[in-house]
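# Coordinate inspection notes
One-letter residues, chain by chain:
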Amino acid sequence: MKNFQDVLDVRAWADAGVIIEGFAPPEDGFIWQMGRWGEITFDFDETGRSRTGMADLMVELDVFKRPPGLPGQNVFIYLNGVRTGSFFVTHRRILIMNFPVSLLRARSNVLTIDTPDSASPKQFGSEDGRVLGAAVFAVYFRREA
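How each quantity is defined
Residues numbered from 1 in each chain as written. Predicted model: local features only at pLDDT ≥ 70, side-chain atom pairs only at ≥ 80, totals over all residues. Heavy atoms only, no water. Helix = DSSP H or I, 4+ residues; strand = E, 2+ residues; numbered from the N terminus. Buried < 20%, exposed > 50% of the residue type's maximum accessible area, 1.4 Å probe, protein only. Core = buried A, V, L, I, M, F, W, Y, C linked by side-chain atoms within 4.5 Å. Contact = heavy atoms within 4.5 Å. Pairing = 2+ DSSP bridges. Axes fitted to C-alpha atoms, helices over the stretch in contact; angles between N-to-C directions.

Moving on: the environment of Glu21. Relative to the elements of secondary structure, Glu21 occurs in strand β2 (residues 19-21). With a relative accessible area of 48%, Glu21 lands in the partly exposed category. Separated by 18 residues in sequence, Glu21 and Glu39 place their C-alpha atoms 5.1 Å apart.

Let us now look at the nonpolar core. Side chains that are nonpolar tend, in soluble globular proteins, to be buried together. Leu57, Ile77 and Val136 are the most contacted members of the largest nonpolar core, which totals 30 residues. Going through the elements one at a time, β4 (37-42), β5 (54-63), β6 (73-79), β7 (82-89), β8 (93-100), β9 (109-114) and β10 (132-143) are the ones with two or more residues in this core. For this core, the element with the most residues is β5, which contributes 5 residues. Ignoring anything within four residues of it in the chain, the contact list for Ile77 reads Leu57, Val82, Arg83, Thr84, Gly85, Phe87, Leu95, Met97, Leu111, Thr112 and Ile113. In this structure, Ala24, Phe30, Leu70 and Leu132 belong to the second largest nonpolar core, which totals 9 residues.

Here we take up the sheet that holds β9. Strand order in this open sheet of 5 strands is β2-β4-β9-β6-β7, and the pairing throughout is antiparallel. This sheet does not close on itself; its edge strands, each paired only once, are β2 and β7. Within the sheet, the average angular offset between the axes of one strand and its neighbour, ignoring direction, is 15°. Across 6 bridges, β4 lies against β9 in antiparallel orientation. Looking at the pairing, Trp37 lines up with Asp114 of β9.

Encoded structure:
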């Protein structure tokens, strides 16, 4: 993440200096959150501008699901420790959360994804023993006009 114009899919995170914790290695255009928590740490170039007003955080994701036992998952999003959104996700979508621009810092912003319903495909008969939460495709910001 560099500024309000950048849309970074997971394939560009390494080049942008994004640090991830609690995620598996990237797959084909997305990255699985492993277990209940995943953190994405990034710098933000535009914090020197006006720190007033509102912005939108947009996270494109899906979740591990196996209906009927696991039709979707609860997803809680935190930006620098402040909960910005709570969702029940059943399909790939873009979550949009409005927040004060003053919440962003120039260095070491932390986006936390909490999926308390994370589960293992092994519970549903698969060989995959990983515990999976969200599959994240992209993260981006938009300043309100």
